[in-house]
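# Analysis of the macromolecular model
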Amino acid sequence: MRALRARLRHLQETSREDGTAVVEFLGTAVVLLVPTVYLVLVLGRLQAAAFAVDGAAREGVRAALVAGENDRDPELSAAAAVRIALGDQGVGGDDVLTLTCAPRCDRPGATVTARVALVVDLPLVPVFVRDRMTLGFPVSAVASGRVDDFVDAG
């Protein structure tokens, strides 16, 4: 009888702990894994935007330099190049380009500078939250180039 009672007590004590390791593991995994995955998403989006604005600024300068040589509007050419470069990376925005030319974009030796700046929104944030507060990171890049000294100044 004593052995049976001891066996029953042992079974009751061990049965209370059955399955708790799985629950604890799942709870810990959710608490640690969800923020880590979200952090990776945010950093990936920021890195993609940084690459996009850097490439867009370089392409904007190149387009402005070539447009000045071919008697086209440098600002329109640069804006089109920036739009294409940002679209290739899946990033978009309006009025992200600031183009400056010193003294003029078509003068030999002039410096053309393109600045591309945009705000990257956090992923998976609902629209009603985004409407109430700013949840974005500003990303910008600057590139400059020089008009060739041997360009026909018209």
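What you see is a predicted model; the values in this text were computed from it and never measured.

### So, the sheet that holds strand S2 (residues 111-121)
- What the three strands build is an open sheet, ordered S1-S2-S3; its pairing is antiparallel. Two strands bound the open sheet, and with one partner strand each, they are strand S1 (97-102) and strand S3 (136-146). Each strand of the sheet is rotated relative to its neighbour by a mean of 15°, with strand direction disregarded.
- With six bridges connecting them, S1 and S2 associate as antiparallel partners. Counterpart to Cys 101 in the pairing with S2 is Val 112.

### A few points about the environment of Ala 85
- With respect to the helices and strands, the residue Ala 85 is situated in helix H3 (residues 74-88).
- The exposure class assigned to Ala 85 is buried, which follows from its relative accessible area of 15%.
- Sequence separation between Ala 85 and Ala 3 is 82 residues, and the spatial gap between their C-alpha atoms is 79 Å.
- Setting aside its immediate chain neighbours within four residues, Ala 85 contacts Gly 55 and Ala 56.

### Some details on the pattern of salt bridges
- For the structure on display, the rule yields two salt bridges.
- Residue Arg 58 is joined to Asp 54 by a salt bridge in which the shortest nitrogen-to-oxygen separation is 3.8 Å. Of this pair, Arg 58 and Asp 54 are both found in helix H2 (residues 20-69), four residues apart, which corresponds to roughly one turn of the helix.
- On the accessibility criterion, Asp 54 (35% relative accessible area) is partly exposed.
- Measuring nitrogen to oxygen at the nearest pair gives 2.8 Å for the salt bridge that ties Arg 62 to Glu 59. On the criterion of helical spacing, the pair formed by Arg 62 and Glu 59 is a turn pair, its members being three residues apart in helix H2.

### A few points about the side chain of Ser 77
- As for its position among the elements, Ser 77 is in helix H3.
- When residues no more than four places from it in sequence are discounted, the contact partners of Ser 77 are Ala 63, Ala 67 and Arg 72.

### A word on the nonpolar core
- Membership of the largest hydrophobic core comes to 26 residues, with the highest contact counts inside it found for Val 53, Leu 86, Val 112, Val 116 and Leu 118.
- Listed by contribution, the elements that provide at least two residues to this core are H2, H3, S2 and S3.
- Take this core: its biggest share by element is eight residues, from H2.
- Those residues in contact with Val 116, other than ones at most four positions away along the chain, are Val 53, Ala 56, Ala 57, Val 82, Leu 86, Val 96, Leu 97, Val 139, Ser 140 and Ala 141.

### Some remarks on H2
- Compared with the 74 Å implied by 1.5 Å per residue over 50 residues, the 73 Å span of H2 between its first and last C-alpha is a close match.
- Remark: Asp 71 follows H2 within two positions and exhibits a positive phi of approximately 55°.

About the thresholds
- Along each chain, the written sequence defines residue order, and numbers are assigned to residues from 1.
- In view of the model being predicted, local features appear only for residues whose pLDDT reaches at least 70, and side-chain atom pairs are presented and counted only at 80 or more, with totals across whole chains, interfaces and linings using the full set of residues.
- Derived side-chain values reflect all non-hydrogen atoms in the structure, with water molecules and hydrogen atoms excluded from consideration.
- Two strands pair if DSSP finds at least two bridges between them.
- The numbering of helices and of strands both runs from the N terminus, where a helix is a DSSP run of H or I of at least 4 residues and a strand a run of E of at least 2.
- The axes used here are C-alpha line fits, helices contributing only the stretch in contact, and every angle between their N-to-C directions lies in the interval 0 to 180 degrees.
- Exposure is judged per residue with a 1.4 Å probe applied to protein chains only, and the accessible area is read against the type maximum: over 50% gives exposed, under 20% gives buried, and values in between give partly exposed.
- Residue contacts are counted whenever heavy atoms from the two residues lie within 4.5 Å of one another.
- We define a salt bridge as a contact between a side-chain nitrogen of Lys or Arg and a carboxyl oxygen of Asp or Glu at a distance within 4 Å.
- As used in this record, nonpolar core signifies buried Ala, Val, Leu, Ile, Met, Phe, Trp, Tyr and Cys residues forming a set joined through side-chain atoms within 4.5 Å.
- Residue count minus one, scaled by 1.5 Å, sets the expected span of a helix.

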